[in-house]
Amino acid sequence: MKISMLTAAAALMAGACSAQAANIEFWYGNTGVAETAIQDQCKAFNSAQSAHHITCVGQGSYEVSMQKAIAAFRAKNHPVLIQFFDAGTLDLMLSDAVEPVEDVLPDVKWDNYIAGARAYYETSGGKLFAQPYNASTLLFYTNKTELEKAGITKTPTTWEEIIEAAGKLKASGHACPFVTDGDTWRVLEQFSARHGLPIASKHNGYDGLDAEYVFNTTFVAKHLQNLVDWRKEGLVRLGTDTKAGNFTAAFNAGECAMMENSSGSYTASAKAFEGKYELTVGLAPMYAGYQRHNTFVGGASIYIMKGHDKAEIEGAKAFLDFVRDPKQQMSFTSATGYVPVTNDVMDAIAKSGDANSPKYATAAVGIDSMNQPRTDDTRGVRLGFYVQFRQVFMEETQKAFAGQQTMQVALDNAKKRGDELLRRFEQTYKGVKLP
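What you see is a predicted model, and the numbers here were worked out from it, not measured in a lab.

Novice: Just to check I follow, could you spell out the pairing of strand 1 (residues 22-28) for this structure?
Specialist: In regular strands, side chains alternate between the two faces of the sheet. Counting buried residues along strand 1, 5 of its 7 residues qualify, which places the element largely inside the surrounding structure. For the handedness criterion, the β-α-β arrangement of strand 1, helix 2 (residues 32-48) and strand 2 (residues 52-58) is classed as right-handed.

Novice: Is there a simple way to think about helix 15 (residues 326-336) in this case?
Specialist: Each turn of an α-helix holds 3.6 residues, which means side chains three or four residues apart point in the same direction. Burial in helix 15 covers these residues: Q328, Q329, M330, F332, T333 and T336. Looking at the buried side of helix 15, the elements it contacts are helix 2, strand 5 (131-136), helix 13 (266-273), helix 14 (310-324), helix 16 (344-352) and helix 17 (361-370). Measuring from the side-chain oxygen of the N-cap residue of helix 15 to the backbone nitrogen of K327 gives 2.9 Å; that N-cap residue is D325. Downstream of helix 15 by one or two residues, G337 has phi in the positive range, about 95°.

Novice: Looking at this structure, how should I read the state of the cysteines?
Specialist: Inspection of the entire model under this criterion finds 2 disulfides. Put simply, C42 and C56 are joined by a disulfide, and their sulfur atoms are 1.9 Å apart. In this structure the cystine formed by C42 and C56 twists about its S-S bond by roughly -95°; its chirality is therefore left-handed. Placement of the pair is C42 in helix 2 and C56 in strand 2, with a sequence separation of 14 residues. Side by side, C42 and C56 carry an identical accessibility label, which is buried. What pairs with C176 in a disulfide is C256, and their sulfur atoms sit 2.0 Å apart. Here the S-S torsion is close to 90°, and the disulfide linking C176 with C256 is therefore right-handed. Linking C176 in the loop between helix 8 (159-171) and strand 7 (178-180) with C256 in the loop between helix 12 (247-252) and strand 9 (258-262), this pair joins segments that are 80 residues apart in sequence.

Novice: I tried to follow the domain arrangement of the protein on my own but got confused; where do I start?
Specialist: One widely used convention gives an interface's size as the accessible area the parts lose upon coming together. In terms of domain boundaries, the protein breaks down into domain 1 (22-136 + 297-371) and domain 2 (138-295 + 384-429). Here the C-alpha centroids of domain 1 and domain 2 sit 26 Å apart. For the pair domain 1 and domain 2, the summed buried area comes to about 2000 Å², and 58% of that belongs to carbon and sulfur atoms. Broken down residue by residue, the surface that domain 1 buries against domain 2 is led by D91, L94 and S369, which jointly contribute 23%. The interface formed by domain 1 and domain 2 includes 1 salt bridge. Of the charged contacts, one joins R390 and D86 as a salt bridge, the two residues approaching to 3.2 Å between their closest N and O atoms.

Novice: What is the right way to read empty space enclosed by the protein from this model?
Specialist: Empty space among the atoms becomes visible once a probe the size of a water molecule is rolled across them. Taken as a whole, this structure holds 3 cavities of 30 Å³ or more when the rule is applied. Considered as a void within the structure, the largest cavity measures approximately 90 Å³ in volume. Together, 15 residues line the largest cavity, and Y133, V323, Q329, F332 and V341 are the ones closest to its centre. Counting residues per element, the ones that place at least two in the lining of the largest cavity are strand 5, helix 14 and helix 15. Examining the composition of the lining of the largest cavity, we find that 4 residues originate from one element, helix 15, more than from any other. A breakdown of the residues in the lining of the largest cavity according to their chemical character gives 9 nonpolar, 5 polar and 1 charged. In this model, the second largest cavity occupies a volume close to 40 Å³. T142, K144, L147, E148, I152, T153, K154 and T155 are the residues that line the second largest cavity. Ranked by residues supplied to the lining of the second largest cavity, first place goes to helix 7 (residues 144-149) with 3 residues.

Novice: How should the sheet that holds strand 7 be read in this particular structure?
Specialist: The strands that make up a sheet are held in pairs by hydrogen bonds between backbone atoms, and each pair lies either parallel or antiparallel. One open sheet accounts for 5 strands, arranged 8-7-9-6-10; its pairing is mixed. Since the sheet does not close on itself, it has two edges, and those belong to strand 8 (236-238) and strand 10 (279-283), each with one partner. Recorded for the sheet is a direction-independent mean angle of 30° between the axes of neighbouring strands. As paired elements, strand 6 (residues 138-143) and strand 9 share 5 bridges and run antiparallel to each other.

Novice: It is not clear to me how the nonpolar core should be interpreted in this structure. Could you clarify?
Specialist: Taken as a class, soluble globular proteins show a tendency for nonpolar side chains to be buried jointly. The biggest cluster of nonpolar side chains holds 115 residues, and the ones touching the most others in it are F26, L81 and M258. Split by domain, the residues of this core number at least three in each of domain 1 (22-136 + 297-371) and domain 2 (138-295 + 384-429). Counting 12 residues, the second-largest nonpolar core is a separate cluster that includes C176, F247, M259 and V365.

Novice: Sorry if this is basic, but what is going on with the layout of surface pockets here?
Specialist: Its volume calculated, the largest pocket comes out at about 850 Å³. Along the wall of the largest pocket there are 31 residues; nearest its centre are Y62, W185, R186, S262 and Y338. Of all elements in the fold, only helix 2, helix 3 (62-74), helix 9 (184-194), helix 12, strand 9, helix 13 and helix 18 (386-401) reach the threshold of two or more residues within the lining of the largest pocket. Of the residues in the lining of the largest pocket, the class split is 10 nonpolar, 16 polar and 5 charged. Of the residues that make up the lining of the largest pocket, three or more belong to each of domain 1 (22-136 + 297-371) and domain 2 (138-295 + 384-429). In this structure, the second largest pocket is lined by 15 residues; those nearest its centre are M66, I70, R74, D91 and F385. Top contributing element to the lining of the second largest pocket by residue count: helix 3, with 6 residues. Within the lining of the second largest pocket, the residues separate by chemical class into 7 nonpolar, 5 polar and 3 charged. If you count residues domain by domain, the lining of the second largest pocket takes at least three from each of domain 1 (22-136 + 297-371) and domain 2 (138-295 + 384-429).

Criteria and thresholds
Residues numbered from 1 in each chain as written. Predicted model: local features only at pLDDT ≥ 70, side-chain atom pairs only at ≥ 80, totals over all residues. Heavy atoms only, no water. Buried < 20%, exposed > 50% of the residue type's maximum accessible area, 1.4 Å probe, protein only. Helix = DSSP H or I, 4+ residues; strand = E, 2+ residues; numbered from the N terminus. Right-handed = clockwise from strand over helix to strand, strands pointing away. Contact = heavy atoms within 4.5 Å. Polar contact = N/O pair within 3.5 Å; in protein donor to acceptor, adjacent residues only side chain to side chain. Disulfide = S-S within 2.5 Å. Domains from an automatic or database assignment. Buried area = accessible area lost by both parts, 1.4 Å probe. Salt bridge = Lys/Arg side-chain N within 4 Å of Asp/Glu carboxyl O. 1 Å grid on protein atoms, 1.4 Å probe; cavity = no way out; pocket = protein on both sides within 12 Å on 5 of 7 lines; lining within 4 Å. Points joined across faces, edges and corners; volume = space filled by probe spheres on them. Nonpolar A, V, L, I, M, F, W, Y, C, P; charged D, E, K, R; others polar. Pairing = 2+ DSSP bridges. Axes fitted to C-alpha atoms, helices over the stretch in contact; angles between N-to-C directions. Core = buried A, V, L, I, M, F, W, Y, C linked by side-chain atoms within 4.5 Å.

This is how it looks when you write it as structure tokens:
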């Protein structure tokens, strides 16, 4: 009798423990509008069910989030879920700190993810390592109101048309026709992808750790020299040239008439333009004579970190299921401008009655941009220490914009320094086969 009572008590205690919410952490790197949307989504998840509780912790930036997560993993004090950006993909794949998401959630219909969103985070065999989350890509924004004032009635679609329009804007007294910040993601990665150009050999590293950078020998060099020349002519401005001191802020304030920027910046631009200017958003511009290829997926994905118990993993799975839901993706897109990542979302938007609403302006064009014809050189970037390389590229090209060296020398220097990073990474993972 006593044994039966003890057994019953133990069963009740076990039931009580299992009924308690599994507390899990999700670390992310966004700030601003995106951070607000992430926190809202976390609150919605906690309100929608009681089996799990998620705490979402902002780290200030993708880079900081990545560094802190790896340090926490080594100290065995890491979160269950971590948001990592595109540039850290290979580092994470070889870190032995994460579980491939397809292994943890084998029953999910992963082929429902749009090709452009999953390619960057796939293994060579097509298995998703992480669940695409806040997906962005490069788009072209214009202040239609300012363009029409200068007599430009057709939105430019090529670089040749952009510079022609820039000339008309300048002639009409516009101080900042087109603005960029020269960021690696914009002027190297997304430019190379949509023009079908390799960034590095071995198909941007997908075919081996012995890849070498080649961007200094492609049409990228001509484009960056064009930016230098156009800046001297007053047709293009860098963010540092503007009153706002920031290229996005300068465009949003009406100071600049055209810019290339992430789809994730759409909501802030639309809000800033409200009641003042008309905003257009379209595919990033091409040079005449080049076939358009896909742009890379930007933003970030969610990884499941190793070393957690069953209850925590169940919580992680539940949250990943929640954010994958079309309604959640629609809400996130409308709040931020980030692009949906599964094919069923566009159908849901169409059925919602708001398909033509400005809040979904980036959805169709962003997916269209990422789903253009792809080659082995436009799948993504699978290069080691790529986060550091982005900094190297910016350092060298900014010197060229400042007139301290030619752009070709800048690119040659970036290639040399980048290759040194690749050789260090190759040595670190000597004998390791890419997943």
